[in-house]
Amino acid sequence: MILTGKEIIKQWELGKIDLRPFHPERATTNSYDLALGNRFVQYTSAFIDPKLPPKYREIIADNSGVVMKKCDFLVGHTAEIVGSDHFVPIIHARSSIARLGLFVHVTADLVDLGMHGNLSFQLYATLPIKLYPGMLIGQVSFWVPHGEIELYKGKYQGAGGPRSSEVYRDFKKGEKIPTLEP
């Protein structure tokens, strides 16, 4: 079951949804509009090995924005702190942004129960586009979980700004990686 915009406001008022800063006018029919933060991660390696920490540079955008070329990939972040211990947040692109050819969170849109922090946006430009800090770029919906709730305690808890991948932490030292060969 998805919360309506009016229910998002009500649950925020009850302290069951964490959205900071909160702007009630951003609650839509069944989601809440999210703004883009001002920092971005850009990977700098020609090849990325998931077993190793990725090399990247951080870009800080001012009000003049940041330009993405066609096929650029950046990790951005929400300007808001988002989370809930009671509902499952799922983030998506706003349809108006998708119509401009910017893929926002095509994958990895499910936010764990109990995760609180800036959420990372995976941004992929199918066309050249300029992004501005503070622009409304995404939306979050909140879903009612069914079953016993176990709160998130993972590696991205309390994220401040964009977070590069930490998938390398999932590999155990000395672990043999399976191959496709017989």
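Residues numbered from 1 in each chain as written. Predicted model: local features only at pLDDT ≥ 70, side-chain atom pairs only at ≥ 80, totals over all residues. Heavy atoms only, no water.

Enquirer: Which residues make up the environment of Gly158, and what values go with them?
Expert: Looking at the secondary structure, you find Gly158 in the segment after strand S11 (136-143). Measuring from C-alpha to C-alpha, the distance between Gly158 and Phe22 comes to 18 Å, with 136 residues separating the pair along the chain. Once you skip the residues sitting within four places of it in the chain, Gly158 turns out to touch Met115, His116 and Gly117. (Helix = DSSP H or I, 4+ residues; strand = E, 2+ residues; numbered from the N terminus. Contact = heavy atoms within 4.5 Å.)

Enquirer: I'd like a description of a nonpolar patch on the surface, backed by residues and values.
Expert: The grouping of Phe73, Phe103 and Tyr124 at the surface amounts to a nonpolar patch, some 260 Å² of accessible area in total. One can find Phe103 in strand S8 (residues 102-104). Among the residues examined, Phe103 registers a relative accessible area of 41% and is labelled partly exposed. (Patch = residues over 30% accessible without salt bridge, like charges linked within 9 Å, V, L, I, M, F, W, Y side chains within 5 Å. Areas by Shrake-Rupley, 256 points an atom, 1.4 Å probe, with all protein chains shown as cover. Salt bridge = Lys/Arg side-chain N within 4 Å of Asp/Glu carboxyl O. Buried < 20%, exposed > 50% of the residue type's maximum accessible area, 1.4 Å probe, protein only.)

Enquirer: Just give me the short version of the packing of aromatic side chains, but keep the residues and values in it.
Expert: A complete count under the given rule lists four aromatic pairs for this structure. Here Trp12 and Phe22 contribute two aromatic rings whose centre-to-centre distance is 3.9 Å and whose plane-to-plane angle is 10 degrees, an arrangement assigned as stacked. Here Trp12 is found in helix H1 (residues 5-13), whereas its partner Phe22 is found in the loop between strand S1 (18-20) and strand S2 (32-35), with 10 residues between them in sequence. A residue is classified by how much of its surface remains accessible, and Phe22, at 13% relative accessible area, is buried. Ring plane angle 35 degrees and centroid distance 6.0 Å describe the contact between Phe103 and Tyr124, whose orientation is recorded as tilted. In this pair, Phe103 is assigned in strand S8 and Tyr124 in strand S9 (residues 116-125), connecting sequence segments 21 residues apart. One aromatic cluster is present, formed by Trp12, Phe22 and Tyr32 through successive ring pairs. (Phe/Tyr/Trp six-rings, centres within 6.5 Å; stacked < 30°, edge-to-face > 60°.)

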